[in-house]
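# Examining the three-dimensional arrangement
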Amino acid sequence: MAAVGSGARAGHENWSSRSAFILAAVGSAVGLGNMWRFPAEAGENGGGAFVLFYIFCVLLIGLPVLLSEVLIGRHGQANAPESVRKVARDSNAPEGWSVLASIGVFAAFLILSFYCVVGGWVVYYIGVFASDLFQTGLAGGAFEGRNPDDIKALMPGLFGDGSLMVALNLGFLAVTMFFVARGVSSGIEWVAVYLMPLFFIIFLAITIYGAFTGNFGDAVAYLFTFDFSKLTGEVMLAAVGQAFFSLSLGVAGMMTYGAYANRDTNLGETSGIIAGADTMVALLAGLAIFPIVFAAGLATNAGPGLMFESLPLAFQQMPFGSLIGLAFFVMVFFAALTSSVSLLEAPTAWTFEKFKIARPVATIIVGAGAAVLGALSALSFNDLAEFYPLGFIPLFAETNFFDTLDGLTAKLFMPIGAILTCIFVGWIADARLIDNENGLDGALHKLWRVLVRFVCPIVLAVILFVGLTS
């Protein structure tokens, strides 16, 4: 077990160092939201205008909420709901405010179940490129001699195989459970300390590869030419949503990870590093993917299919395509795993602390529940495609099981949890307690206060309203 920092609750695990905390938190934030969703959103929303407003939203919305969640966890030194209860008790406020963290824990559990389905897609493409590399060797492009239509058919073929989809989902979930069951220092921290540096090494290598072999100039112009005529209300809302979801806010993960932070960690500085690293990864994802897409003459507005359908086609036309394709999806696997570990840790920490059971047992209980929901989500693309679990609600009238879980968490639970967090930290919790935890002073502290009290709740309320009415 890692050392317990001063002021930590007896028997409670802590990160071994500040750098371990930063790597773990960055790993939690950096995931499919950066590697898959950001390029897709940037491509669908006109590039530069979206990117500029996204960075603006990370600073004014994402970072204040991130710091709020982390400081709650660090003060409470427990699972997310119990941490909120401790802050409430120490502020002479009603302990019922813990509902905000309970919503987050439940959202994390639901997201984990379908996130592992997408993680299974990544595993599938690792297998595809590994097999292709074995057959064609290093030098040539991917899928040599194969018709582009065959490459396009890879993903529909996967979606049509329910048994394979369920097996891939369970495999990815099992790897996630293995690391969470081992605890903070031996499992979660190990994933962060070893996989995140590997992730960044591969990421930088692929970005450099794209710069030399792809159309890097067009990609830079696309991402960083700020055409304000494209900054519509729809684009702004998409940017706000991406900034919020990219940082893994509203799912109790940052509260849970904050609970393992030592008292000598400056949370203001650390939160800034986490948000900065997450944003850098999102931008690098664009610089890694779009040069390859432009060089292959493919459309930028392919949406979610950009990674799983457009990129395999692009790798066919590039030197060392199989090797780069394999490295790319291994890199995405690392990012997805560090995030899924965070998603599983939040409900697992609550389960073993609430019911006083061993961590491995709690991991199995939570994982089993996620496995059932994940299987239903995986079958949503084939055998259960016509099953609409909340079809009686107009908002979910024609959404399958996978999309229903996605919609419930993204449109309802995450915004509500984040709004309540802002209200709790900004208006309910004792100001001196919050000031002692946040690591800010001077003008920066005053700005953060204004953002948490006024700007963030209003913007998040707009996201909630638009999500429920669109």
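Residues numbered from 1 in each chain as written. Predicted model: local features only at pLDDT ≥ 70, side-chain atom pairs only at ≥ 80, totals over all residues. Heavy atoms only, no water.

## Examining the layout of surface pockets
In this model, the largest pocket occupies a volume close to 1400 Å³. Along the walls of the largest pocket sit 46 residues, with Arg37, Glu41, Phe245, Asp406 and Ala410 positioned nearest its centre. Among the secondary structure elements, those contributing two or more residues to the lining of the largest pocket are helix H1 (18-29), helix H2 (32-44), helix H5 (99-136), helix H7 (154-159), helix H11 (233-246), helix H15 (321-354), helix H17 (401-428) and helix H19 (442-469). Looking at the lining of the largest pocket, the element that brings in the most residues is H17, giving eight residues. The residue makeup of the lining of the largest pocket, split by class, is 25 nonpolar, 14 polar and seven charged. (1 Å grid on protein atoms, 1.4 Å probe; cavity = no way out; pocket = protein on both sides within 12 Å on 5 of 7 lines; lining within 4 Å. Points joined across faces, edges and corners; volume = space filled by probe spheres on them. Helix = DSSP H or I, 4+ residues; strand = E, 2+ residues; numbered from the N terminus. Nonpolar A, V, L, I, M, F, W, Y, C, P; charged D, E, K, R; others polar.)

## Re empty space enclosed by the protein
The tally for this structure, following the rule as stated, stands at two cavities of 30 Å³ or more. Approximately 40 Å³ is the volume found for the largest cavity. Lining the largest cavity, in full, are Ala24, Ile188, Val191, Ala192, Tyr257, Thr338 and Val341. The set of elements that each furnish at least two residues to the lining of the largest cavity consists of helix H9 (184-213) and H15. At three residues, the largest contribution of residues to the lining of the largest cavity is made by H9.

## Describing the side chain of His445
Relative to the elements of secondary structure, His445 occurs in helix H19. A residue is classified by how much of its surface remains accessible, and His445, at 14% relative accessible area, is buried. Within the structure, the side chain of His445 is placed 2.6 Å from the side chain of Asp435, a separation counted as a polar contact. Among all residues touching His445, those that are not within four sequence positions of it are Asp435, Asn438 and Leu440. (Buried < 20%, exposed > 50% of the residue type's maximum accessible area, 1.4 Å probe, protein only. Polar contact = N/O pair within 3.5 Å; in protein donor to acceptor, adjacent residues only side chain to side chain. Contact = heavy atoms within 4.5 Å.)

## Side note on the environment of Gln135
You can see Gln135 is positioned in helix H5. Overall, the relative accessible area of 62% leaves Gln135 in the exposed class. The spacing of Gln135 and Arg18 is 117 residues in sequence and 45 Å in space, taken between C-alpha atoms.

## Overview of the pattern of salt bridges
Side chains carrying opposite charge are able to pair once their charged atoms draw close together. By the definition in use, this model includes ten salt bridges. Linking Arg432 and Asp430 is a salt bridge whose minimum nitrogen-to-oxygen distance equals 3.9 Å. Of the residues examined, Arg432 reaches a relative accessible area of 63% and is grouped as exposed. Using a relative accessible area of 25% as the deciding quantity, one classes Asp430 as partly exposed. A salt bridge links Asp435 to Arg449; the nearest nitrogen and oxygen atoms lie 3.8 Å apart. Here the residue Asp435 occupies a position in helix H18 (residues 431-438), and Arg449 occupies one in helix H19, the gap between them amounting to 14 residues. (Salt bridge = Lys/Arg side-chain N within 4 Å of Asp/Glu carboxyl O.)

## Here's the deal with a nonpolar patch on the surface
The grouping of Leu237, Trp427, Val450, Phe454, Ile458 and Val462 at the surface amounts to a nonpolar patch, some 530 Å² of accessible area in total. In this structure Val450 comes out as partly exposed when scored by relative accessible area, which is 40%. (Patch = residues over 30% accessible without salt bridge, like charges linked within 9 Å, V, L, I, M, F, W, Y side chains within 5 Å. Areas by Shrake-Rupley, 256 points an atom, 1.4 Å probe, with all protein chains shown as cover.)

## Some details on helix H4 (residues 80-90)
Within the sequence span of H4, burial applies to Ala80, Pro81, Ser83, Val84, Arg85, Val87 and Ala88. For H4, the elements touching its buried residues are helix H3 (48-76), H5, helix H12 (253-258), H15, H17 and H18. Two to three positions downstream of the cap, the backbone nitrogen of Glu82 sits 3.2 Å from a side-chain oxygen, assigning the N-cap of H4 to Asn79. Looking at the residues trailing H4, positive phi occurs at Asn92, about 55 degrees.

## Concerning the packing of aromatic side chains
By the definition in use, this model includes 41 aromatic pairs. Considering the side-chain rings of Trp15 and Phe21, the 6.3 Å spacing of their centres and the 20 degrees angle between planes classify their relative orientation as stacked. Both residues of the pair, Trp15 and Phe21, count as buried. Here Phe244 and Phe245 contribute two aromatic rings whose centre-to-centre distance is 5.1 Å and whose plane-to-plane angle is 65 degrees, an arrangement assigned as edge-to-face. Take Phe244 and Phe245: they sit in the same class, and that class is buried. The side chain of Arg453 reaches across the aromatic face of Trp427, ending 3.9 Å from its centre. (Phe/Tyr/Trp six-rings, centres within 6.5 Å; stacked < 30°, edge-to-face > 60°. Lys NZ or Arg CZ within 6 Å of the ring centre and 35° of its normal.)

## Structural notes on the packing of H2 against H3
Across the interface, H2 lies against H3 with an axial gap of 7 Å and an inter-helix angle of 130 degrees. Judged by the inter-axis angle, H2 sits oblique to H3. The two elements H2 and H3 meet at a crossing, and its hand is right-handed. Each of Phe38, Glu41 and Ala42 in H2 lies in contact with H3, whose residues at this interface are Phe50, Val51 and Tyr54. The residue inventory of the contact of H2 with H3, partitioned by class, reads five nonpolar, no polar and one charged. (Axes fitted to C-alpha atoms, helices over the stretch in contact; angles between N-to-C directions. Parallel < 35°, antiparallel > 145°, perpendicular 65-115°, else oblique. Left-handed = near helix turned anticlockwise from the far one by under 90°.)

Geometry only, nothing functional implied.
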